[in-house]
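Listed below, chain by chain, are the residues.
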Amino acid sequence: MEPAIFAHAAREATANPCAAGERALAPPEVGDETATMQLSDLRIFVEPQQGASYDTLLAVARRAEALGFGAFFRSDHYLVMGDHDGLPGPTDAWVTLAGIARETDTIRLGTLVSPVTFRSPGLLAISVAQVDQMSGGRVELGLGAGWYEREHEAYGFDFPPTGRRFEMLADQLAIVQGLWSTPVGETFSYRGSAHSVVDSPGLPKPVQQPVPVIVGGGGAVKTPALAARHASEFNVGFRTVEFFGEQRARVQAACDEIGRTTPMLYSAALVTCVGRDEAEYSRRAAAIGREPDELRTNGAAGTVTEVAELIARWHAAGAERLYLQILDLDDLDHLDLIANEVAPLT
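Each value, and the rule that gives it
- Residues numbered from 1 in each chain as written.
- Predicted model: local features only at pLDDT ≥ 70, side-chain atom pairs only at ≥ 80, totals over all residues.
- Heavy atoms only, no water.
- Helix = DSSP H or I, 4+ residues; strand = E, 2+ residues; numbered from the N terminus.
- Buried < 20%, exposed > 50% of the residue type's maximum accessible area, 1.4 Å probe, protein only.
- Areas by Shrake-Rupley, 256 points an atom, 1.4 Å probe, with all protein chains shown as cover.
- Phe/Tyr/Trp six-rings, centres within 6.5 Å; stacked < 30°, edge-to-face > 60°.
- Lys NZ or Arg CZ within 6 Å of the ring centre and 35° of its normal.
- Contact = heavy atoms within 4.5 Å.
- Polar contact = N/O pair within 3.5 Å; in protein donor to acceptor, adjacent residues only side chain to side chain.
- Axes fitted to C-alpha atoms, helices over the stretch in contact; angles between N-to-C directions.
- Parallel < 35°, antiparallel > 145°, perpendicular 65-115°, else oblique.
- Left-handed = near helix turned anticlockwise from the far one by under 90°.
- Nonpolar A, V, L, I, M, F, W, Y, C, P; charged D, E, K, R; others polar.
- Expected span 1.5 Å × (residues − 1).
- Arc of directions from axis to C-beta.
- Salt bridge = Lys/Arg side-chain N within 4 Å of Asp/Glu carboxyl O.

Visitor: Can you walk me through the overall build of the protein chain in this structure?
Guide: The helix and strand tally for the protein chain stands at 11 helices and 13 strands. Expressed as a percentage of its 346 residues, the buried residues of the protein chain come to 58%. Here the protein chain has roughly 13800 Å² of accessible surface; of this, 52% comes from carbon and sulfur atoms.

Right under this line is the structure:
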């Protein structure tokens, strides 16, 4: 996941940004302390570049599905971060999700987020549409400008300056959505500053029309404008609830400015670490190399009651979904605890 510039997906003729099957109800009023968050509003989010095999990821996805979490999302990175060995090595995000799509039935699947620097817009559109078909219409696309320069150096990807990557992002969003929404038998053309396509048949088509697209980040101008134009969901990752509220307001203002009538869905991502008591919480914090006090400050962390209260606070601030970043992928009991003891209290 990208720390500042990211967008979980945006085209020449803008498609309806409302996600297929998305709740039609308006979001809860900000500050509504009576609103509750359901288990299906909580999504499991993992970082496989830190070290995870396909089998490990599948086990997490299956447990999340069995417990009733709303989705299984993964980062899209090829190089470990920090002081870890990353073994057994990276897995490709969309290859992984294709496999999981065939081995699960109901849980939604997606990336948070896929950098525009890894795949051309045509390749991305084909891959995501195919995985959507393989899943029976359960895929969501997170698309971002990319930020981790070292992994580009390590695996031979170009890493243009920030401004150019934003141009690539705008074009990829336009092209991907344009290819998907073009009627069968017609062609799609688009000329952008970074990417162009000419007379594309726009095949294959995803099952969902449209595929849900997530845009997010902390930028004050460009990111909200892209989200308003192209996204069904806006996500703020690893920031304070106060910043979330400010960014939510900026995105809503951008939606109002262009006369958007389809409601935007707002979400946040938080590193998550929960224990039944302080001893279990401290053990889980140590297992991911984090200090308990620091985690409490920066994540959804602590005892069951503490985390439930924090989730309720985020929901009251306008977060309709939360992506719970789980870093110890061998600890499936952690998922059980969140589903069975935290979620009922939110």
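Visitor: Which parts of the structure should I look at to understand the packing of aromatic side chains?
Guide: Following the criterion strictly, the structure yields 7 aromatic pairs and no others. Residues Tyr78 and Phe157 carry aromatic rings whose centres are separated by 5.6 Å and whose planes lie at 15 degrees to one another, so their mutual orientation is stacked. Of this pair, Tyr78 sits in the loop between strand 3 (71-74) and helix 2 (93-102) while Phe157 sits in the loop between helix 4 (149-155) and helix 5 (162-181), and the two are 79 residues apart along the sequence. A relative accessible area of 14% means that Tyr78 is categorised as buried. Since its relative accessible area comes to 22%, Phe157 is described here as partly exposed. Members of the aromatic cluster, connected to one another through ring pairs, are Tyr78, Phe118, Tyr155 and Phe157. Geometry around Phe243 places Arg239 over its ring, the cationic atom sitting 3.8 Å from the centre. Taking the ring centre of Tyr266 as reference, the NZ or CZ of Arg248 above it sits at 4.5 Å.

Visitor: So what exactly am I meant to see when it comes to the environment of Gly299 here?
Guide: Mapping Gly299 onto the fold places it in the loop between helix 9 (292-298) and strand 12 (300-303). Expressed as a C-alpha distance, the spacing of Gly299 and Cys273, which sit 26 residues apart in the sequence, is 7.8 Å. With near-sequence residues (within four places) excluded, Gly299 lies in contact with Val271 and Leu310.

Visitor: Honestly, the side chain of Gln49 in this entry has me stumped. Any pointers?
Guide: As for its position among the elements, Gln49 is in the loop between strand 2 (42-46) and helix 1 (54-67). On the accessibility criterion, Gln49 (3% relative accessible area) is buried. Of the polar contacts made by the side chain of Gln49, one reaches the side chain of Glu47; its length is 2.8 Å. Here Gln49 is in contact with Ser75, His77, Leu79, Val80, Met81 and Gly86, once residues within four sequence places are set aside.

Visitor: What exactly am I supposed to notice about the packing of helix 6 (residues 222-230) against helix 7 (residues 241-257) here?
Guide: Relative orientation and spacing of two packed helices are given, respectively, by the angle between their axes and the distance between those axes. Viewed as axis vectors pointing N to C, helix 6 and helix 7 meet at an angle of 55 degrees, and their least axial separation amounts to 8 Å. By the angle class used here, helix 6 and helix 7 are oblique. Remark: the crossing between helix 6 and helix 7 carries right-handed chirality. Residue-level contacts link Pro224, Ala225, Ala227 and Ala228 of helix 6 to Gln247, Arg250, Val251, Ala254 and Cys255 of helix 7. Classifying every residue of the contact of helix 6 with helix 7 by side-chain character gives 7 nonpolar, 1 polar and 1 charged.

Visitor: Just to check I follow, could you spell out helix 1 for this structure?
Guide: Across its 14 residues, helix 1 extends 20 Å between first and last C-alpha, which sits within 8% of the 20 Å expected from 1.5 Å per residue. Within the sequence span of helix 1, burial applies to Leu57, Leu58, Val60, Ala61, Ala64 and Glu65. Down the axis of helix 1, the smallest arc covering the buried residues is 160 degrees, so these residues share one side. Facing away from the buried side of helix 1 by more than 90 degrees, the exposed set consists of Asp55 and Ala66. Contacts made by the buried residues of helix 1 are with strand 2, strand 3, helix 2 and helix 11 (332-342). Gly68, located one to two residues past helix 1, shows a positive phi value of around 105 degrees.

Visitor: Please explain the pattern of salt bridges as it appears in this structure.
Guide: Side chains that differ in sign of charge can pair as their charged atoms come close. In this structure the tally under the stated criterion is 19 salt bridges. In this structure, Glu140 engages Arg108 in a salt bridge whose closest nitrogen and oxygen atoms are separated by 2.5 Å. On the criterion of sequence distance, the pair formed by Glu140 in strand 6 (residues 139-144) and Arg108 in strand 4 (residues 108-111) is long-range, its members being 32 residues apart. For the pair Glu140 and Arg108, a shared accessibility class is recorded, and that class is buried. In this structure, Glu294 and Arg290 form a salt bridge, with 2.8 Å as the shortest nitrogen-oxygen distance. Classification of Glu294 by relative accessible area gives partly exposed; the value is 28%. The structure contains a network of salt bridges with shared partners spanning Arg276, Glu280, Arg283, Arg284, Asp331 and Glu341.

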